[in-house]
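Residue strings, one per chain:
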Amino acid sequence: MAEAADFQGTSPSPARRWLRRSGALLAGAPLLAGLLQLPLSTPSQAAEKASAATAAGSSGPVDVNLDSLSPSAPTGGDTITVSGSVTNTGKQAVTDAHVGIRVGPSPLNTRTAIDTVARRTGFQPGLDPLEVGGKYVVKVTRLDAGGSQRFSISVPAKDLDLGSAGVYQLAVSLTGRTTSQAWDQVLGIERTFLPWQPEAADTKTRTTYLWPLVSTVHLTAETGSDAQQTPVFENDDLAQEIAPGGRLDQLLSLGSQLDVTWVLDPDLLASVDAMRGGYRVQQENGTTVAGNNQAVANAWLDKLEKTVQGQSVVALPFADPDLASLAHQGKDVTGSLSHLKDATDVAVRTVETIVHVKPSTEFAWPVDGAVDPSIIKVATSAGADKVIARSDSLRETSGLSYTPSAARPIGGGTTAVVADERLSTVFQGDMLKANDSTLAVQKFLAQSLMINLQESKNERSIVVAPQRMPTASQAQSMAEGLRALQQGNWSQSQGLTEAAKAKPDPGATTTVPPTSSYPSALRHRELPRSAFERIQATQAKLDKFRMILTDESRVVTPFGLAIDRGMSASWRGRPAEAADFRQGVETYLDGLMGLVHLIQKSDAKLSGRSATIPVTVQNNLVQGVGHLVLRLTSQQPTRLKIGNGPYDEQQIQVAGEHSQSVKFTTSTKANGPVQVVAQLYTEDGQPYGDPVSFEVKVTEITSTVMLVIGGGVLLLVLAGFRMYTQRKRAAARQTEDAENGPEAGGGSKDAEGTVDTDTTEDSEAGPERASASESGADDPEQPSDPSPDTAPESADPSGTGERVDR
């Protein structure tokens with residue numbers, strides 16, 4: 001039949017024409033049937049066909065917000081209410097529109113399918129479910145550009161014709177027309193999930209939800225000098241967090257209504273507790289002012305104490321140290337790992353003292369649950385034998401078709417408690433908008449139900465470890481999702497300790513990923529090696545300082561905690577603030593240590609072969625210091641010796657706010673200047689504080705000068721002896737004259753032929769006699785008259801009481 005048709009000029013036979021017409025009719029039959037059926041299709045189906053070429057893969061000109069879906073996990077007798085708004089984000093008005101609900105006819109079958117649906121944008125016919133339609137729509141007559149309209153649609157669950165338990169797609173869409181496209185089409189859609197478990201599951205998943213009370217660093221190392229050591233805060237932000245409506249207040253209130261495992265940072269508790277007795281807040285100009293939120297601190301801690309009684313409580317090491325940073329950057333810095341052990345020991349005492357519960361400290365929690373061998377080693381070095389990892393780090397490699405239990409033995413007696421990554425990160429986004437919160441809640445419930453449906457006969461233990469410091473809005477979304485889960489029919493709550501003891505799945509991976517697989521995004525945010533070097537330098541200074549204190553607790557305790565705070569994971573992403581904090585701790589410690597110092601000395605002159613040099617130690621601390629040695633060293637011991645050698649040492653003890661002077665004996669051998677250095681040392685020989693250097697100018701006393709000085713001293717002694725003998729002779733003569741009386745002729749001649757004048761008689765003779773005596777030569781000489789004073793006589797030593805020049 002084909003041959004003749006291939007030749008031009010030949011006409012087909014009647015039989016051939018009939019076959020062609022029959023074929024054309026058969027080929028056009030489907031198209032004709034489609035045209036005949038088009039008017040009979042529903043508006044939504046027609047809109048889907050019209051939207052296939054125009055809206056697929058795009059979000060459309062209408063933004064659909066799903067603000068609430070209640071109940072989040074419905075059962076058979078419930079009525080599902082969906083509320084939200086539609087907003088025209090395009091440039092053309094939307095007319096003849098309506099908002100409708102779409103529910104999938106069959107459940108999704110994998111967790112990956114849930115992720116795929118959540119990532120889709122724009123309406124996709126065949127993938128998005130059909131509209132329920134009927135009376136379950138809201139009319140939108142006109143929606144101008146930029147305009148919005150609220151909607152609320154309620155549908156009894158029984159009218160959705162849901163089948164077996166499972167996770168169903170649920171979408172809300174707006175179908176309408178625009179000026180340029182005057183036919184029905186889907187102009188906007190929002191997707192979520194409807195977890196459907198109408199009856200209690202035969203086997204329920206045991207779910208552990210960690211509820212963290214963690215904050216950033218607020219306390220400084222500085223304290224007041226008063227007996228209470230009034231704490232000083234960097235700012236008053238913590239008061240805002242724990243005040244009614246604050247982030248930590250909401251976390252506490254929301255968590256108190258849920259069955260969770262509390263994860264506490266003891267530093268947060270210690271900081272709030274420090275506010276209760278009075279505190280001060282640093283200002284930008286360096287001064288401090290009194291804080292006034294004591295009542296807020298009391299109320300929050302009282303509420304926390306009541307809430308955690310009888311609950312599962314895990315305490316992180318004090319200040320939540322960054323385990324990954326310590327493993328990757330700090331482990332090779334001598335002494336760094338010791339801080340982790342100290343922080344763990346402090347954690348138990350802090351929690352027990354403040355909220356009166358004994359926490360578990362057997363769990364370590366690296367940032368985002370990311371682990372490698374070095375992190376595991378560091379995390380367990382302080383006594384923890386369980387590490388909270390996450391499934392995107394400790395990935396399954398054996399191709400399991402279900403989500404295994406959290407507990408995994410990873411060797412060395414250590415258990416990795418692997419939190420589910422999807423459940424743990426679902427609330428990390430911005431939850432301020434009701435739409436985002438609703439979608440997160442429904443996705444959380446959908447993933448949880450899918451886990452339970454994977455192995456419905458095997459009970460498993462799942463752990464959820466959310467972000468360390470959720471915002472208030474994130475906490476509200478977390479609480480909403482967890483509340484719905486705990487009221488649902490497929491999950492049962494349990495504590496973290498029980499989850500860690502659960503029987504591991506034999507097929508679950510137990511291999512810790514290599515260090516090279518650690519996420520680069522996390523590594524770039526780690527504390528640098530220099531941070532740990534600075535921390536260790538500060539610790540070395542603190543160790544030196546504590547040796548000299550009489551009450552080391554006043555310094556060691558606040559500074560030890562401040563050093564721990566310098567390693568906190570909360571510094572991630574804030575390198576400048578972290579460096580300032582660590583530098584501030586060291587600077588303040590330097591200032592305190594400097595309050596015990598040597599007072600500067602001026603140059604001195606030293607004459608003679610020996611002398612003493614005083615050196616003064618000043619203590620401006622409130623408490624006394626001791627266990628110090630003061631050493632004075634001569635730089636030229638051949639010229640000047642200190643004690644019996646080049647230096648001498650003395651033990652020092654100085655009371656608080658006092659000073660003490662210490663004298664050192666010196667001896668000289670030659671003239672000239674000598675440099676002398678005073679230095680304080682601790683008892684173990686470490687220098688303490690800055691040395692004090694001064695010059696001593698030595699002037700030696702020669703032997704000639706010493707002979708001259710000695711001769712002068714001898715002459716003084718002899719002169720004094722002569723004075724003594726002359727006074728004695730004079731007293732004897734006076735006594736003899738008194739015994740002889742006037743008959744003796746008024747005078748006597750001494751053995752040397754010298755005659756002492758009787759001054760008594762002269763005074764008794766009266767003025768006249770005295771005048772005659774003064775005239776002398778005019779009177780006739782009497783044999784009995786005394787001889788006149790001679791020059792040698794007047795040269796005798798003067799009487800008692802006169803000064804002798806020497």
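No experiment lies behind these values; they were computed from the predicted model shown.

Engineer: Mind showing me how you'd approach the overall build of the protein chain here?
Structural biologist: Each helix and strand in the protein chain was counted, giving 23 helices and 29 strands. Every one of the 806 residues in the protein chain was classed for burial, and the buried ones make up 44%. Long-range contacts, defined as pairs at least 24 residues apart, comprise 77% of the intrachain contacts of the protein chain with a sequence gap of at least 6. Total accessible area on the protein chain is roughly 39500 Å²; 52% of this is exposed by carbon and sulfur atoms.

Engineer: Explain empty space enclosed by the protein to me, please; I cannot follow it from the model alone.
Structural biologist: The gaps of empty space that remain are located by a probe, the size of a water molecule, rolled over the atoms. In the structure shown here, the tally under the stated rule is five cavities of 30 Å³ or more. Counted as a void, the largest cavity has a volume near 70 Å³. Lining the largest cavity are 13 residues, with Pro317, Thr344, Phe363, Ala379 and Ala384 positioned closest to its centre. Here the residues of the lining of the largest cavity sort into ten nonpolar, three polar and no charged. What lines the second largest cavity is Arg534, Ile535, Thr538, Ala562, Ile563, Gly566, Phe581, Arg582 and Val585.

Engineer: Looking at this model, I keep getting lost on the packing of aromatic side chains. Mind explaining?
Structural biologist: Any aromatic ring pair is given by two values, namely how distant the centres are and how the planes are angled relative to each other. Inspection of the entire model under this criterion finds six aromatic pairs. An angle of 50 degrees between the planes, with centres 6.1 Å apart, marks the rings of tyrosine 209 and tryptophan 211 as tilted. The same class applies to tyrosine 209 as to tryptophan 211, namely buried. Seen in terms of ring centroids, phenylalanine 233 and tyrosine 279 are 5.2 Å apart; in terms of plane orientation they differ by 70 degrees. Their pairing is edge-to-face. Of this pair, phenylalanine 233 sits in strand β10 (residues 231-233) while tyrosine 279 is found in the loop between α7 (266-276) and β12 (280-282), placing the two residues 46 residues apart along the sequence. Grouping aromatic residues by their ring pairs yields a cluster made of Tyr209, Trp211, Phe427 and Phe444. Taking the ring centre of phenylalanine 694 as reference, the NZ or CZ of lysine 601 above it sits at 5.2 Å. One Lys or Arg, arginine 631, reaches over the ring of tyrosine 647 and ends 4.6 Å from the middle of that ring.

Engineer: Help me out: how do you make sense of the sheet that holds strand β23 (residues 610-619) in this one?
Structural biologist: Paired through backbone hydrogen bonds, the strands of a sheet run either parallel or antiparallel to each other. Ordered by their spatial adjacency, four strands build an open sheet running β21-β23-β27-β25, and the pairing between neighbours is antiparallel. At either end of the open sheet lies a strand with only one pairing partner, and these are β21 (596-598) and β25 (640-642). Taken over all neighbouring pairs, the strand axes of this sheet differ in orientation by 30 degrees on average, direction set aside. Note that β25 and strand β27 (residues 658-668) share three bridges and pair antiparallel. Looking at β27, one finds that lysine 641 is bridged to serine 667.

Engineer: Mind showing me how you'd approach unusual backbone geometry here?
Structural biologist: Outside of glycine, negative phi angles account for most residues, and trans bonds account for most peptide bonds. Cis geometry marks the peptide bond from serine 70 to proline 71; its omega dihedral reads -10 degrees. Note on placement: proline 71 falls in the loop between β1 (62-70) and β2 (79-88). Phi is positive for aspartate 368, close to 60 degrees, though the residue is something other than glycine. Mapping aspartate 368 onto the fold places it in the loop between β15 (363-364) and α11 (373-379).

Engineer: What is the right way to read the side chain of histidine 98 from this model?
Structural biologist: Within the secondary structure, histidine 98 is located in strand β3 (residues 94-103). Side chain to side chain, histidine 98 and glutamate 131 meet in a polar contact 3.0 Å long. Residues within four places of histidine 98 in sequence aside, it is in contact with Glu131, Val137, Val138, Lys139, Val140, Ser173, Leu174 and Thr175.

Engineer: Could you clarify how one ought to interpret the nonpolar core in this entry?
Structural biologist: Generally speaking, soluble globular proteins have nonpolar side chains that are buried together. Within the largest apolar cluster, 73 residues are counted, with the highest numbers of intra-cluster contacts made by Phe545, Leu630 and Leu632. Here the element with the most residues in this core is helix α19 (residues 575-593); it accounts for six residues. In terms of nonpolar packing, the next biggest core, distinct from the first, is built from 66 residues, Leu254, Val313, Leu445 and Ile462 among them.

Engineer: Sorry if this is basic, but what is going on with the packing of helix α4 (residues 111-119) against helix α13 (residues 434-454) here?
Structural biologist: The relative placement of two packed helices comes down to the angle between their axes together with the axis-to-axis distance. At their nearest, the axes of α4 and α13 sit 9 Å apart, and the two run at 160 degrees to each other. Here α13 runs roughly antiparallel to α4, going by the angle between their axes. Both α4 and α13 take part in a crossing whose hand is right-handed. On α13, the residues touching Arg111, Ile114, Asp115 and Ala118 of α4 are Lys443, Ala446, Gln447, Met450, Ile451 and Gln454. For the contact of α4 with α13, a count of residues per class yields five nonpolar, two polar and three charged.

Engineer: What is the right way to read the packing of helix α9 (residues 323-330) against helix α10 (residues 336-355) from this model?
Structural biologist: In contact at an axis separation of 10 Å, α9 and α10 are set at 160 degrees when each is read in the N-to-C sense. Accordingly, the angle class assigned to the pair α9 and α10 is roughly antiparallel. The handedness of the crossing between α9 and α10 is left-handed. Along its contact with α9, which presents Leu323, Leu326 and Gly330, the element α10 presents Ser336, Leu337 and Leu340. Split by residue class, the contact of α9 with α10 holds four nonpolar, two polar and no charged.

Engineer: Where do I start with helix α18 (residues 553-565) in this structure?
Structural biologist: Counting along an α-helix, one turn takes 3.6 residues, and residues three or four places apart therefore face a common direction. Its 13 residues give α18 an end-to-end C-alpha distance of 18 Å, which sits within 8% of 18 Å, the value for a rise of 1.5 Å per residue. Summarising burial for α18: ten of the 13 residues are buried, a large majority. Within α18, the full set of buried residues consists of Arg554, Val555, Val556, Pro558, Phe559, Leu561, Ala562, Ile563, Asp564 and Arg565. On its buried face, α18 sits against β9 (219-223), α7, α10, α17 (529-546) and α19.

Engineer: Can you walk me through the side chain of glutamine 169 in this structure?
Structural biologist: Checked against the element boundaries, glutamine 169 lands in strand β6 (residues 166-178). In terms of polar contacts, glutamine 169 uses its side chain to reach the side chain of arginine 120, at 3.1 Å. With near-sequence residues (within four places) excluded, glutamine 169 lies in contact with Arg102, Val103, Gly104, Leu108, Val117, Arg120, Leu127, Asp128, Pro129 and Thr192.

Conventions and cut-offs
Residues numbered from 1 in each chain as written. Predicted model: local features only at pLDDT ≥ 70, side-chain atom pairs only at ≥ 80, totals over all residues. Heavy atoms only, no water. Helix = DSSP H or I, 4+ residues; strand = E, 2+ residues; numbered from the N terminus. Buried < 20%, exposed > 50% of the residue type's maximum accessible area, 1.4 Å probe, protein only. Contact = heavy atoms within 4.5 Å. Areas by Shrake-Rupley, 256 points an atom, 1.4 Å probe, with all protein chains shown as cover. 1 Å grid on protein atoms, 1.4 Å probe; cavity = no way out; pocket = protein on both sides within 12 Å on 5 of 7 lines; lining within 4 Å. Points joined across faces, edges and corners; volume = space filled by probe spheres on them. Nonpolar A, V, L, I, M, F, W, Y, C, P; charged D, E, K, R; others polar. Phe/Tyr/Trp six-rings, centres within 6.5 Å; stacked < 30°, edge-to-face > 60°. Lys NZ or Arg CZ within 6 Å of the ring centre and 35° of its normal. Pairing = 2+ DSSP bridges. Axes fitted to C-alpha atoms, helices over the stretch in contact; angles between N-to-C directions. Polar contact = N/O pair within 3.5 Å; in protein donor to acceptor, adjacent residues only side chain to side chain. Core = buried A, V, L, I, M, F, W, Y, C linked by side-chain atoms within 4.5 Å. Parallel < 35°, antiparallel > 145°, perpendicular 65-115°, else oblique. Left-handed = near helix turned anticlockwise from the far one by under 90°. Expected span 1.5 Å × (residues − 1).

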